[in-house]
Each structure stands twice: as C-alpha cells, then as structure tokens.
Amino acid sequence: MPRNSQKEPQYLDAEPTKRFFVRMLVRDIELVPAIVDLVDNSVDGAHKQSKAKRPTKGAKSRLPLERYSVDITLSDSAFVITDNCGGISLDDAVRYAFRFGRPEDVAPLEGEVGQFGVGMKRALFKLGQSFVVTSVTEASEFEVVVDVPAWLEDRASWRFPLKRSGPRARSKAIGTIIQVKDLLPSVASEFAQDTFAQRLRDQIEFRHSAALDEGLRVRLNGHRLKGRAPRLLLGDAIQPRVIHEAITANGDNVDMRLYAGFVDLKDENADTDNPDEFTGGNLAGWYLVCNGRMLLFADRTRLTGWGVEVADYHPQYRRFRGYVLLTGNSSAMPWNTAKTAVDEDSPVWRAVRPYIIDALRDARSVMNRIKEEVQNNDESARPVTATLRMAEPTRLASLPKRPQIFVPPKPPKSPPTTRKIAYDVPVNEFNQVKEALEVDTATDVGRGTFGYFYRREIE
Amino acid sequence: MRGWQFRPNKQIQRLMCIDAMRRLSAFRPLNDYRYIGLGGYEFIDFDLVYRSLGIKRMVSIEDTGEVERYEFNRPFPTITIAWGNTNDELQKLALDPPLIVWLDYCCALNKNVLQDVRLLGEKLEPGSFVLVSVNAHQPRDGLRLEDLEHRVDSGRVPIDVSEEKHLDGWGMAAAHRRILEAELRSGIGSRPNGRRFEQVVNIHYRDTNRMQTWGGVIVDAATEHRFDAANFRNLPHVSTNDQPVIVNVPVLTAREVLVLEQRMGSRRKAALPWMADKDVQDFELLHRWYPRVPAPM
C-alpha cells in the first residue's frame with residue numbers, strides 16, 4: 001500500500017470490525033424467531049419442490065407436502081435442523097445464500113419473508129461458536145464449516161471456507177443439515193428449559209399450520225407438530241369482525257385481512273389441562289402475521305391498544321382473538337430489520353393500527369356484556385353466552401366479511417328487583433336464632449328473621 | 001327554570017357552552033348537526049340544545065336500570081337512548097356525521113373518560129364539537145397527586161405536576177385539562193388526516209363540587225376559514241388556553257340584580273356597599289347569563 005507520507009490524510013477509516021458487525025446482527029433477534037427463520041427456509045424449499053414436481057400421475061389423493069420433513073433437535077450441546085426440502089444449490093450458496101444482505105442483482109419475491117438477506121447467518125451466529133452447513137441438491141452438494149472465533153480473528157477476509165463442493169454424489173440424500181455446536185451459554189440454558197421448546201412449537205404450529213395440514217412433517221426433539229390453524233366462533237347469532245382492505249401507505253400497497261372474534265372457553269379449559277396440547281400460556285390477544293411471518297403472538301400490550309384505547313388486559317377478555325394478516329412487498333411490512341417486532345413508525349402500521357383499535361373496542365363491548373350476563377343472570381338468561389355455545393369454531397378463510405362483530409341486540413338493563421343484605425351478629429345469638437327457626441344455613445336464618453319482621457310489621 | 005333553581009353555576013356554564021355552539025353555524029346550518037350527550041333523567045342539556053340550536057337528532061347514552069323513568073322523561077321523540085356505558089356505546093354510534101358531543105360525566109377524570117375522549121379524537125370530523133365535563137374536586141392535601149396518578153395512570157400526569165401544591169384549588173382542574181387535551185390530540189394524531197383541535201371552552205364552575213367543562217372544535221385545512229369566520233375568540237366566555245373562565249356567581253336578590261345591572265361599570269362601591277368588590281366583578285362578568293329578573297312592582 002504505497003502512500004505519500006508527505007500528504008495530509010484524505011479519509012478516515014470507518015470500516016466495521018467483524019466482531020461489531022456480528023454483535024449488531026444478532027442483538028435484536030430473540031432465539032425463537034432466529035430458529036423460526038431456519039424453519040421458514042425449509043418450508044419455502046418444500047413448497048418450491050412440490051410445485052416443481054407436480055403433477056405426479058396417480059398420486060392425487062396424496063397431500064402435497066407429505067414427502068417433506070423437517071427435524072429440529074435442541075440439546076444443551078448442539079442445535080441441529082435437518083430437512084429433505086430440496087437443498088441449497090452450490091451456485092446459490094456461492095452467489096448469495098451466505099452473503100450478509102441481499103446483493104442488488106438478486107430480486108426479492110413478492111410475498112416472501114426474506115428481505116434483508118440475513119436470516120440464516122444471523123441464526124447461526126445467534127446460536128453458537130461453530131457451525132456446519134451441509135446441503136445436497138439434485139445436481140450439487142457442498143459443506144461449509146465455520147469456527148466462529150477463528151473467523152472473527154481473520155480480519156482480512158469475509159469468506160466462509162468450503163470444506164467440500166462439487167456435483168452431487170449419487171448416494172447422497174437431497175436436503176440440508178445445519179448443525180451448530182459450542183452453543184453460547186445463554187442458548188444452552190434456554191434450550192434446557194421445557195418452556196423454550198413449547199414456545200418454539202407454538203410459533204411453528206401457528207405459523208406453518210397450512211404447511212403442516214398439507215402433510216409436511218415437522219418434528220421437534222422427536223415430537224411431531226400439528227397444524228394449529230386459528231379458528232373463531234361463527235354461528236347464526238354470532239359473527240366475527242372480518243375486514244379485507246387494501247392498505248396504501250407511502251405508495252406501498254399491502255393487502256390486509258383482519259379477523260376479530262371469540263373462541264370457546266370450554267376448549268381453552270380442556271387445553272390447559274393437557275400439557276401436551278397447550279403451553280399453559282394465555283393465547284388471548286392480537287396476532288400479526290406479515291407475509292407469513294408472525295410478528296405479534298397473543299399481544300396484549302399498548303401496541304395493540306390494551307391499556308390505552310381500551311382497558312388493560314384482564315382475564316375477562318380471555319375469549320378474544322384478533323388476527324391481522326398482511327401480504328405485499330416485503331419492504332413495506334411494519335417490521336424491524338430482525339423481523340421480530342413491530343416498527344411503530346412504519347406507515348403501514350400506522351394505517352393498520354386504527355383497524356385493530358376499532359375491532360378491539362367492538363370486541364371489548366361484547367365481552368363486557370358477557371361478563372355482565374354471567375355475573376347478573378342465571379344460565380337461562382345469558383343470550384350472548386348461549387350464542388357462543390351454539391357457534392362453531394371456524395377457520396379464518398371460511399369466515400364471511402362483516403364490518404362489525406355481530407351478536408344478539410342488547411336489552412336495556414332491568415331495574416333490580418331484589419336487594420342483598422349482609423351483616424354480622426354474635427355467634428351465640430346466631431346459633432340460638434338458628435335453632436329457634438329450625439334451619440341450617442346463615443342464608444335461611446337471614447331470610448327467616450327478615451320474613452318474621454315483614455309479616456308482623458309491614459304486611 | 002329547573003336548571004336554575006338549585007344549580008345556578010352549572011346552568012350558567014351550560015348557557016355559555018350553548019352560546020359557543022351557536023357559532024358552529026359558520027361551518028354548516030346548525031340543524032345539520034346531531035347531538036350526543038349523557039342526558040340523565042332530566043335531559044336538561046338536550047332540552048337546551050333542541051330549543052336553542054334547533055337540533056333534533058339526538059342520542060343520550062344511559063347506563064341505568066331505571067329504564068321506565070328515563071323513557072318517561074325523554075322530552076322529544078327524536079331523542080334515542082343508547083343503553084349502556086359510554087365506553088361500550090359511543091364506539092357503536094356513527095361518529096363521522098357533523099356532531100356536537102357533550103360528555104357531561106359526574107365522575108372525576110379517569111381512564112374510562114380518557115378512552116372516550118381518545119375515541120372522539122380518532123373519529124370526529126372537522127366541524128364537529130366536543131365537550132367534556134368532569135368533577136375537579138381535589139381530595140385531602142397529601143392524597144392529591146396519588147389520587148390523580150391512580151385515576152389517569154401516572155404516565156399521563158404532566159411532568160411539572162409533581163407536588164401536592166400543583167393540585168391546590170383549581171390546580172386539579174388545570175391538570176385535568178392538560179391530560180384531556182393530550183389524550184384528544186393523541187387520538188387525532190393516531191389517524192393522520194390533517195385534523196387538529198382548537199380549544200374553545202375551558203370553564204371551571206362550582207356545583208356541589210368543583211367542576212370543569214372543557215372542549216372545542218375539530219378543524220382541518222379545508223375548514224380553517226370557517227373556524228375563523230365563527231370567531232369564537234370574540235365570545236367573552238371563551239378560553240383558548242390554560243386560563244379558565246371561572247363561574248362562581250354571588251347569591252343576589254332580584255332588587256340587587258336590577259341595581260347592579262343599571263349601574264354597571266360606574267361607582268360600584270357606592271351602588272351596594274355591602275357587596276365585596278370580587279362579587280360585583282363576578283356579577284358584571286356573568287350578568288348576561290342570569291335569568292331575567294322582573295322589575296319590582
């Protein structure tokens with residue numbers, strides 16, 4: 001590097017260090033979404049493969065994704081995800097799959113999640129200190145092995161060393177294996193907790209319910225996951241709020257589908273009793289899904305209006321579910337770079353949030369009615385509760401459009417016809433009166449003495 | 001005259017508000033407006049709005065079991081009653097037509113009130129008028145700040161309201177006004193479409209407790225000139241800032257009223273020497289709102 005030492009310096013060095021870059025990269029992502037990023041890649045691969053392979057003769061009755069599987073294993077020493085979903089071609093790996101950020105000449109696809117081109121790398125760095133990615137496609141295969149501390153030390157190069165690459169050996173099964181070892185201590189301790197796997201399961205089951213229903217086999221530590229497609233109660237006298245709207249903000253068009261309604265409490269109770277079925281966490285709240293990526297999961301914070309536009313969340317609202325599905329250009333989505341949280345300054349979010357708030361107010365007023373009914377009326381006089389009981393849990397896609405939640409109209413409050421009396425009396429006197437009245441309960445003592453006075457002094 | 005008999009300050013406050021509402025004719029004919037209020041079984045404000053402004057389409061929100069009594073007292077058939085609390089019922093009403101909304105609560109400012117105010121901020125269209133009345137009574141010294149924080153959430157309390165003394169006297173009402181305005185503006189800002197709020201009413205009055213009424217008009221660029229034409233500022237009882245109009249009328253006999261009116265502005269002291277200067281001033285400020293006093297025969 002010849003440099004004229006006579007000259008004054010012309011530039012200041014602003015090149016980032018690798019260490020800084022990696023720290024920033026992993027800082028804003030949580031562990032669950034980081035892993036979900038890897039699952040997303042597998043599911044995308046399965047869809048692509050099944051589209052390319054269809055139609056196969058005589059296989060009509062088969063589910064489109066049933067030949068594809070994803071296995072995730074978490075332990076305190078390693079993370080492994082294995083799939084047979086087509087693999088990453090050597091060419092893609094060389095050109096962009098391992099680049100930080102999507103190169104300008106690789107166009108993003110409408111409706112896809114990956115906008116920033118960081119998902120897989122970020123997950124790998126987030127998890128541990130060394131990783132191996134092996135991928136086999138029909139035509140090619142490669143293996144890359146990275147020792148992260150050593151890679152960080154090497155300041156000159158931003159390349160990952162290919163251990164092996166070339167045309168596919170015939171014996172090799174198609175697919176990708178990602179192994180991360182030397183887990184970071186915080187990751188290992190999270191993996192050691194049951195609740196971590198449960199959270200991961202919930203997110204994958206919800207997020208990929210369609211793929212799971214189409215036969216994709218996803219196993220987490222050996223347990224097969226089931227599609228958990230959201231459903232809301234629909235009946236003759238109860239209909240959720242369902243809105244389809246094209247949102248335009250700053251020149252971006254995003255398709256919004258909003259569903260707000262209620263679930264059956266009986267099912268909820270059944271679920272909580274079965275630890276295998278249910279995490280025990282509360283599922284009430286708002287769900288925001290952008291291009292298939294779940295940004296909010298059962299949100300009950302100020303972000304979606306709780307505690308600002310309506311009261312703070314309270315268990316009386318536990319029947320509530322709200323789903324907002326956004327599809328469109330990835331760059332318009334209201335997410336932060338990690339795609340893990342809502343960017344509140346996003347123009348699309350500012351346009352969508354009012355719909356969320358209006359729906360929440362609507363639902364709140366119905367839930368307040370339910371609470372009043374249950375508190376004040378006996379079972380024969382609870383029209384909304386009865387309506388919900390008659391309704392059917394229905395998939396979002398099958399719900400008819402409705403600008404408002406529909407429930408039976410509200411009768412005006414009726415004036416109270418009874419009054420409750422409560423007071424304390426000395427125990428010995430109480431017992432004497434009880435004996436004299438020949439009754440067993442305090443309620444009957446009260447009624448008896450009141451009746452005695454009424455008959456003698458009022459009637 | 002029922003508004004007068006027991007609650008003169010409240011009635012004067014009502015008349016002042018009605019007077020300000022009359023200026024809305026700069027936006028559109030008054031009978032194009034609809035009115036939403038909390039009539040109570042007396043429907044006093046409904047009666048005034050109906051008779052003074054000619055507004056017929058009205059909704060009263062009532063959370064009561066006394067359905068029969070309220071229905072019985074409903075003065076005009078064009079008033080419909082929405083049975084339920086304001087949080088539940090207000091959001092069901094159409095809030096986009098030209099509206100005058102007067103939420104005359106009897107409670108102190110609290111989170112439920114703020115939820116309603118926020119909703120109005122989100123939804124009211126330019127040219128609509130919003131009024132909120134709340135109890136501004138301050139609890140015992142030592143409990144004031146805590147009480148306010150509890151009612152509205154400490155996050156909403158302005159940063160310079162940090163000591164009991166800031167909530168003395170009408171201090172609670174002053175804090176309420178700022179919190180109400182912030183909430184309304186926040187509601188307006190959450191649905192960005194060029195609207196803004198112009199305060200017109202900031203009245204403090206003595207009923208059985210300290211009470212306050214606050215509100216104004218929603219305006220945007222297209223209605224700006226109409227707002228200017230309405231010229232609210234030249235009404236003597238209008239306040240566009242934190243300086244309230246205080247309604248606290250002296251108790252006077254008919255004879256005293258007549259003399260005071262006749263001699264307004266000159267030789268006050270000589271007129272009725274037993275009256276405090278302050279009372280004479282209050283009278284002069286508010287005399288227009290007193291009921292007409294017949295001349296002694």
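Each helix and strand counted, chain A has 13 helices and 15 strands in total. Counting all 459 residues of chain A, 44% fall into the buried class. A separation of at least 24 residues holds for 69% of the contacts in chain A among residues at least 6 apart in sequence. Approximately 25,700 Å² of chain A is accessible, and the part contributed by carbon and sulfur atoms is 50%.

For the rest of this paragraph, the subject is the sheet that holds strand β12 (residues 285–290) of chain A. Residues and elements named next belong to chain A. Read across the sheet, 5 strands follow the order β10-β11-β14-β12-β13 without closing on themselves; strand pairing throughout is mixed. Edge strands, defined here as strands with exactly one partner in the open sheet, are β10 (241–249) and β13 (293–299). Taken pair by pair, the neighbouring strands of this sheet meet at an average axis angle of 15 degrees, ignoring direction. Pairing of β12 with β13 involves 4 bridges; the strand directions are antiparallel.

Once that is clear, we can look at helix α7 (residues 144–152) of chain B. All names here are of chain B. Taken together, the buried positions of α7 are R144, L145, L148, R151 and V152. Here the buried residues of α7 occupy an arc of 135 degrees about the axis, which is enough to place them on one side. Exposed and oriented more than 90 degrees from the buried face of α7 are E146 and H150. Elements that come into contact with the buried residues of α7 comprise β4 (99–108), α6 (111–123) and α8 (171–189). Following α7 by one or two positions, D153 adopts a phi angle in the positive range, close to 85 degrees.

Let us now look at the nonpolar core. By size, the foremost hydrophobic cluster in this structure holds 57 residues, and its most contacted members are I72, L74, F79, F98, F191, L200 and L216 of chain A. It is helix α2 (residues 31–53) of chain A that provides the largest number of residues to this core, a total of 9 residues. Each residue touching L200 of chain A, except ones within four places of it in the same chain, is listed here: V32, I35, V36, L74 and L220 of chain A. Counting residues in each nonpolar core, the second largest holds 53 residues, with Y35, V217, V219 and V280 of chain B among its members.

For the rest of this paragraph, the subject is the environment of R99 of chain A. Mapped onto the elements, R99 of chain A comes out in the loop between α3 (90–97) and α4 (119–127). Placed 59 residues apart in sequence, R99 of chain A and W158 of chain A show a C-alpha to C-alpha distance of 9.1 Å.

All names here are of chain A. Scanning the entire structure with this criterion turns up 32 aromatic pairs over all chains. Judged by centre distance (5.2 Å) and plane angle (40 degrees), the rings of F191 and F196 are tilted. On the basis of an interplanar angle of 20 degrees and a centroid distance of 6.5 Å, the ring pair of F450 and Y454 is categorised as stacked. Here F450 and its partner Y454 are both found in helix α13 (residues 442–458), 4 residues apart, which amounts to about one turn of the helix. Y454 gets classed as partly exposed once you look at its relative accessible area, which sits at 38%.

With that settled, the discussion passes to the confidence of the model for chain A. One rule of thumb: low pLDDT means the predicted coordinates there are not for detailed reading. Here chain A averages 86 in pLDDT, and 89% of its residues register 70 or above. Throughout residues 267–281 of chain A the model reports pLDDT below 50, and contacts reaching past four residues in sequence, or to other chains, amount to 18 contacts.

Residues and elements named next belong to chain A. Where helix α1 (residues 18–27) meets α4, the axes come as close as 9 Å, and the angle between the chain directions of the two elements is 100 degrees. One way to sum up the angle between α1 and α4 is to call them roughly perpendicular. In this structure, α1 uses V22, L25, V26 and R27 to contact α4, whose residues at the interface are R122, F125 and K126. Residues belonging to the contact of α1 with α4 are distributed by class as follows: 4 nonpolar, no polar and 3 charged.

A few words on the sheet that holds strand β1 (residues 34–37) of chain B. Residue and element names in this part refer to chain B. If you trace the 8 strands from one edge of the open sheet to the other, you get β3-β2-β1-β4-β5-β7-β6-β8, paired in mixed fashion. In this open sheet, the two strands that pair with only one neighbour each are β3 (79–83) and β8 (245–247). Ignoring strand direction, the axes of neighbouring strands in this sheet form an average angle of 15 degrees. Running at roughly 155 degrees to strand β6 (residues 196–206), α8 makes contact with β5 (129–135), β6 and β7 (210–219) of the sheet.

Of the residues lining the interface, 21 residues belong to chain B; the matching set on chain A comes to 20 residues. Across the chain B/chain A interface, buried area totals approximately 1,700 Å², and carbon plus sulfur atoms make up 38% of it. Between chain B and chain A we count 5 salt bridges in total. In this structure, R118 of chain B engages E309 of chain A in a salt bridge whose closest nitrogen and oxygen atoms are separated by 2.9 Å. In this assembly, chain B and chain A are joined by 13 residue pairs in polar contact (both at pLDDT 80 or more). For the side of chain B that touches chain A, the secondary structure elements donating two or more residues are α5 (86–90) and α6 of chain B. With 5 residues, α6 of chain B is the single largest residue contributor to the side of chain B that touches chain A. Here the side of chain B that touches chain A is built from residues that sort into 4 nonpolar, 8 polar and 9 charged.

Right, let's get into the pattern of salt bridges. The tally for this structure, following the rule as stated, stands at 44 salt bridges over all chains. Its salt-bridge partner being K123 of chain B, residue D358 of chain A comes within 2.7 Å of it at the nearest N-O pair. Of this pair, D358 of chain A sits in helix α10 (residues 347–376) while K123 of chain B sits in helix α6, on two different chains. Residue classification places D358 of chain A among the buried residues on the basis of a relative accessible area of 16%.

Rules behind the numbers
Residues numbered from 1 in each chain as written. Chains lettered and ligands numbered in written order. Predicted model: local features only at pLDDT ≥ 70, side-chain atom pairs only at ≥ 80, totals over all residues. Heavy atoms only, no water. Helix = DSSP H or I, 4+ residues; strand = E, 2+ residues; numbered from the N terminus. Buried < 20%, exposed > 50% of the residue type's maximum accessible area, 1.4 Å probe, protein only. Contact = heavy atoms within 4.5 Å. Areas by Shrake-Rupley, 256 points an atom, 1.4 Å probe, with all protein chains shown as cover. Pairing = 2+ DSSP bridges. Axes fitted to C-alpha atoms, helices over the stretch in contact; angles between N-to-C directions. Arc of directions from axis to C-beta. Core = buried A, V, L, I, M, F, W, Y, C linked by side-chain atoms within 4.5 Å. Phe/Tyr/Trp six-rings, centres within 6.5 Å; stacked < 30°, edge-to-face > 60°. pLDDT = per-residue confidence, 0-100. Parallel < 35°, antiparallel > 145°, perpendicular 65-115°, else oblique. Nonpolar A, V, L, I, M, F, W, Y, C, P; charged D, E, K, R; others polar. Buried area = accessible area lost by both parts, 1.4 Å probe. Salt bridge = Lys/Arg side-chain N within 4 Å of Asp/Glu carboxyl O. Polar contact = N/O pair within 3.5 Å; in protein donor to acceptor, adjacent residues only side chain to side chain.

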